[in-house]
Amino acid sequence: SSRTMSLLSQLEKINLDSVLGEADNARYVTSKILHLVQSQEKTRKEMTSKGSTGIEVILSTLEVKPFSLCGYRYLTSSHFIIGLCGGRRASVLVTKGGTQILLQLLLTASRDSPPNEELMVLLHTLLAKIGPKDKKIGMKARINGALNISLNLVKQNLQNHRLILPCLQVLRVYSTNSVNAVSLGKNGVVELMFKIIGPFSKKNTSLIKVALDTLAALLKSKTNARRAVDRGYVQVLLTIYVDWHRHDSRHRYMLIRKGVLQCIKSVTHIKLGRKAFIDANGMKILYNTSQECLAVRTLDPLVNTSSLIMRKCFPKNRLPLPTIKSAFHFQLPVIPSSGPVAQLYNLPPDVDDVVDESDDNDDAETESEVETENDDDKDQHFKNDDIETDINKLKPRQELGRPIEELKMYEQFFPELSENFQECDLVSKEPKPFVPDANLCGPIVVPTAGEE
């Protein structure tokens, strides 16, 4: 009945028609829909309402029509729908198969030389919006062959911040899948991120923030973390963090500083990363910067993340502690002349007595990272081994001080614990006569003669 529904019905008929001359008509109808979507709130609500088929018509047009100006206008319409109607509408596009269609269009558009910049910006913006709503987007991008398209665009357009920003947002979504993270790392994405985030600059801070988030997701892969350690990037991250700490006197870029800490936290998941952090004097750097942040309440996230990193990387020692690494010294009353205890006490002060064997088999694990599509960082989070989480182990066990056989002698004093009682007179042990309660049973009616 409305103008929008009329245009959508015309478009649906055009989609079913294979005549080449309909392209001009489709372009005209598309421009009218785009104008209505941009100018009228009522149209946006109408196209995305529950019973409307507007999104289905748009997606079917993108799927069957040639990749031309018509398709570009439809992408613009979809962009306005998602941007102005909230993230809930992005889920609708995902359920209707929008992710697959957009990835296929991205693959088709990348074959042009050079690719249309406006089209690439719009496609990546749409994918970045609907990506978090689609848990399988990483797998779909890898199957379609669209995984490296965004990476190549970033490599070729490092100075074009308008284009690489949505590309980085898409790479951030792709990197949540561990298989994608390893594949992108082999193609040089880790080195590329360090070109974007450094050296220190307050220009294009939004781009730096997205690049740091992408790098933190990539470094959760142990393969990428080792690659970063081998190239000395742990020292680079600490230097970047100190630069931002010194220059951000008004604390306007706290999110960027936290992004750098997240990258350090990710790279220290592996033993090589923790060793590189210690060698780069990271303990002293994070301790000093955390002390300076304590006075500002809004910087508590930086202090908390720094504390987690320092706790994770601090060398572990057994008790008793014979070295100067502890403020307390527990001297054994008798130290044997030989054996493991004597070896502990004979160690130099700067030698750890606990060997970190957490990931000694990393080289074998490099090629064995198996594709698991539901790997929501299941093996990426650092776990505190000294915190007990089993509720059954935390509950104290209550044990009887004497065996049950000895306790049976007290049964006569506590009969209510072992006997089943009926309502009876405790003195005569005979059942009590039943006396009806008038308040409960109502008045008692005695039948007269002749009545049953």
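For the structure itself, look to the data block above.
What comes next concerns the included structure. (Residues numbered from 1 in each chain as written. Predicted model: local features only at pLDDT ≥ 70, side-chain atom pairs only at ≥ 80, totals over all residues. Heavy atoms only, no water.)

### A short note on unusual backbone geometry
- In this structure, H251 is a non-glycine residue whose phi angle is positive, near 60°.
- With respect to the helices and strands, the residue H251 is situated in the loop between helix 16 (233-247) and helix 17 (254-267).
- Positioned with a positive phi, N281 is a non-glycine residue whose angle comes to about 65°.
- Inspection of the secondary structure assignment puts N281 in the loop between helix 18 (271-279) and helix 19 (282-293). (Helix = DSSP H or I, 4+ residues; strand = E, 2+ residues; numbered from the N terminus.)

### Notes on the nonpolar core
- L168, Y174, M193, L215 and F277 are the most contacted members of the largest nonpolar core, which has 99 residues in total.
- Setting aside residues up to four positions removed in sequence, F277 forms contacts with V234, L238, I264, T268, G282, M283, L286, I309 and C313. (Core = buried A, V, L, I, M, F, W, Y, C linked by side-chain atoms within 4.5 Å. Buried < 20%, exposed > 50% of the residue type's maximum accessible area, 1.4 Å probe, protein only. Contact = heavy atoms within 4.5 Å.)

### Let's talk about the packing of helix 10 (residues 147-156) against helix 13 (residues 189-197)
- Axis separation between helix 10 and helix 13 bottoms out at 11 Å; the angle between their running directions is 40°. Of the possible angle classes, the one that applies to helix 10 and helix 13 is oblique. When you trace helix 10 past helix 13, the crossing you get is left-handed. Contacts between helix 10 and helix 13 involve L151, V154 and K155 on the former and, on the latter, V189, L192 and I196.
- In terms of residue class, the contact of helix 10 with helix 13 is built from five nonpolar, no polar and one charged. (Axes fitted to C-alpha atoms, helices over the stretch in contact; angles between N-to-C directions. Parallel < 35°, antiparallel > 145°, perpendicular 65-115°, else oblique. Left-handed = near helix turned anticlockwise from the far one by under 90°. Nonpolar A, V, L, I, M, F, W, Y, C, P; charged D, E, K, R; others polar.)

### Points about the packing of aromatic side chains
- Using the criterion set out here, one finds two aromatic pairs in the structure.
- Plain terms: the ring middles of F194 and Y233 are 3.9 Å apart, the flat faces sit at 15° to each other, and that makes the pair stacked. With F194 in helix 13 and Y233 in helix 16, this residue pair connects regions lying 39 residues apart in the sequence. Residue F194 shares its accessibility class with Y233, and that shared class is buried. (Phe/Tyr/Trp six-rings, centres within 6.5 Å; stacked < 30°, edge-to-face > 60°.)

### Things to note about the pattern of salt bridges
- As enumerated under the stated definition, the model contains nine salt bridges in all.
- For D213, the salt bridge is made with R172, and the minimal N-O distance between the two is 3.4 Å. Placement of D213 in helix 14 (residues 205-218) and of R172 in helix 11 (residues 161-174) is noted, with a sequence separation of 41 residues between them.
- Given the relative accessible area of 22%, D213 is considered partly exposed. (Salt bridge = Lys/Arg side-chain N within 4 Å of Asp/Glu carboxyl O.)

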